[in-house]
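Secondary and tertiary structure notes
Residue strings, one per chain:
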Amino acid sequence: MRKNIVAGNWKMNTTLPEGVALAKAVNAALCGVTPKCDVIIAVPFTHLAPVNDVIDNSKLGLGAENCADHRSGAYTGEVSAPMVASTGAKYVILGHSERRQYYGETSEILKEKVNLALENGLTPIFCIGEVLEERENGTFFDVVKAQIEEALFDLSAEDFSKLILAYEPVWAIGTGKTATDDQAEEMHAYIRGVIEGKYGNEVAENTSILYGGSCKPSNAKALFAKPNVDGGLIGGASLDAESFMGIVTAFE
Ligand code: PGA
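Since we're looking at a predicted model, the values are computed, not measured. Starting from 1, residues in each chain are numbered consecutively following that chain's sequence as written. Owing to the predicted nature of the model, reporting of local features is limited to residues with pLDDT of at least 70; listing and counting of side-chain atom pairs is limited to 80 or more, with chain, interface and lining totals taken over all residues. Side-chain descriptors were evaluated using all non-hydrogen atoms of the structure, hydrogens and water having been removed beforehand.

Some details on the packing of helix α1 (residues 16–31) against helix α12 (residues 241–248)
Basically, it comes down to this: For every element, the axis is a line fit to its C-alpha atoms; helices are fit only across the contacting stretch, and the angle between N-to-C directions ranges from 0 to 180 degrees. Per the convention used, a helix needs a DSSP run of H or I reaching at least four residues, while a strand needs a run of E reaching at least two, with both numbered from the N terminus. Orientation is classified from the angle alone, with under 35 degrees giving roughly parallel, over 145 giving roughly antiparallel, 65 to 115 giving roughly perpendicular, and any other angle giving oblique. Should the near helix be turned anticlockwise from the far one by less than a right angle, the crossing is left-handed, and should it be turned clockwise, the crossing is right-handed. Should any heavy atoms of two residues lie within 4.5 Å, those residues are considered in contact.
Between α1 and α12, the shortest axis-to-axis distance is 9 Å and the interhelical angle comes to 40°. The angle between the axes of α1 and α12 places the two elements in the oblique class. Of the two elements, α1 crosses α12, and the hand of that crossing is right-handed. Here Leu22, Ala25, Val26, Ala29 and Leu30 of α1 lie close against α12, whose contacting residues are Ala241, Phe244, Met245 and Val248.

Examining the site of the ligand
As a reminder, the rule being used: One heavy atom within 4 Å of a molecule or strand makes the whole residue count as near it. Polar contact is the term for a pair of N or O atoms within 3.5 Å; when the atoms are in protein, one must be able to donate a hydrogen and the other to accept it, and sequence-neighboring residues count only if both atoms are side-chain atoms. Accessible surface area values rest on a Shrake-Rupley calculation with a 1.4 Å probe, where residue burial reflects the displayed protein chains alone. Classification used: nonpolar for Ala, Val, Leu, Ile, Met, Phe, Trp, Tyr, Cys and Pro, charged for Asp, Glu, Lys and Arg, polar for all others including Gly.
The local shell around the ligand holds 13 residues, among which Lys11, His96, Glu168, Gly174 and Ser214 are the closest. Within the side chain of His96, a nitrogen or oxygen atom sits 2.6 Å from an oxygen atom of the ligand. At 2.7 Å, a backbone N or O of Gly174 approaches an oxygen atom of the ligand. Isolated, the ligand exposes 280 Å² of accessible area, and the fraction of that covered by the protein chains is 95%. Considered class by class, the residues forming the shell around the ligand number four nonpolar, seven polar and two charged.

With respect to the environment of Val170
Examined against the element boundaries, Val170 turns out to sit in the loop between β6 (164–167) and α9 (181–199). Measuring from C-alpha to C-alpha, the distance between Val170 and Ser97 comes to 6.6 Å, with 73 residues separating the pair along the chain. Discounting residues that sit within four places of it in the chain, Val170 has contacts with Ser97, Gln101, Gly129, Glu130 and Val131.

This is the structure:
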């Protein structure tokens, strides 16, 4: 059966000492509990190796927030999937709406990134989600379906099975405006149906689909209680160990 997962996305926050301290705090908090989910933190590239040194990988998974769409070479300032993997990280967030919106990441680019991540043993946490206009004009199902089909449906069933998906309605990210648990469930069930149509019931049932967008301790329980919501991708609330743990412990 699919896993429940809570993943933090620190985005471009914390200096290295602050990040190491936060990772230590989350790691320490996890030592006292047996969460009903896998727990991951995705941190800035600069923090990967030092954070990996201070966490217990059996309790806390480590991921990057992005990787390059090339293996190596003359791409000044980029960080490749093999580089990320060499830090000890096991996950990489790909296709986050901020990357799509501010850095022009298209499905074509994301396809390359997903392939390189998988080749290097990294588990992509692949983000999809509609903007407000698409929610309001009713095209949100089509938009999300196209994002999945364009970037992911060339994968074999075996490779697709390695992915984690994160549905993040862009209008809910960092806005304090969460999708209702019913809106999340409706979309997650739809996404699972899209996966089933391509890869069959077993792959669809085994794919973890996380919700992201203003998820916090106060709304996590209701969201995670929905049958097709398998956890969360957490931005703002992952920057404080206590609030992050409040979400980690929200599974009944
Ligand atoms: P948020 O961000 O929890 O701050 O809304 C979620 C995300 O962008 O992954």
